[in-house]
Amino acid sequence: MRNKIFISYSHKDIKFRQRLETHLKAMTPDASFWSDESIEAGDDWSVQIH
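Residues numbered from 1 in each chain as written. Predicted model: local features only at pLDDT ≥ 70, side-chain atom pairs only at ≥ 80, totals over all residues. Heavy atoms only, no water.

## As for the pattern of salt bridges
Pairing between side chains of opposite charge can happen when the charged atoms of each approach one another. Counted only if it meets this: Basic side-chain nitrogens of Lys or Arg form a salt bridge, by our definition, when they fall within 4 Å of a carboxyl oxygen of Asp or Glu. Numbered from the N terminus, helices here are DSSP runs of H or I no shorter than four residues, and strands are runs of E no shorter than two. The cut-offs for exposure are 20% and 50% of the maximum accessible area for each residue type, with area from a 1.4 Å probe on protein chains only; residues under the lower value are buried, those over the upper are exposed, and the others partly exposed.
Taken as a whole and assessed by the stated rule, the structure comprises two salt bridges. The salt bridge involving Arg17 is made with Glu21; its shortest N-O contact spans 2.6 Å. Here Arg17 and its partner Glu21 are both found in helix 1 (residues 14-27), four residues apart, which amounts to about one turn of the helix. Note on accessibility: Arg17 and Glu21 belong to one class, buried. We classify Glu21 as buried; its relative accessible area is 15%. Salt bridges sharing partners connect three or more residues here, namely Arg17, Glu21 and Lys25.

This is how it looks when you write it as structure tokens:
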């Protein structure tokens, strides 16, 4: 089973989120990460988040 990790963060702290994700990937290589950066213009953001 693949672990899913969601990190809630302020956009002003994006560099910290990226560093945290790098460290977590090293500890849990089978995990998948999702952030709002995956939402593209025109996407239904509520659908993407759920």
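Right, picking up where we left off after that structure.
## A look at the packing of aromatic side chains
Filter applied, for reference: To pair, rings of Phe, Tyr and Trp, with the six-membered ring standing in for Trp, must have centres within 6.5 Å; the planes then decide the type, stacked if under 30 degrees apart, edge-to-face if over 60, and tilted in the middle. For a lysine, the NZ atom is tested; for an arginine, the CZ atom; a charge sits over a ring if that atom is within 6 Å of the ring centre and within 35 degrees of the ring normal.
For the structure shown, the criterion picks out one aromatic pair. Aromatic pair Phe6 and Trp34: ring centres 6.0 Å apart, planes at 25°, arrangement stacked. Pair noted here: Phe6 is in strand 1 (residues 4-6) and Trp34 is in strand 2 (residues 32-34), with a separation of 28 residues, a long-range link. Under the relative-accessibility criterion, Phe6 is labelled exposed at 55%. The class for Trp34 is partly exposed, based on a relative accessible area of 24%. For Arg17, the ring lying beneath its charged end belongs to Tyr9, and the centroid distance is 5.0 Å.

Remember, this is a structural readout, not a statement about activity or role.
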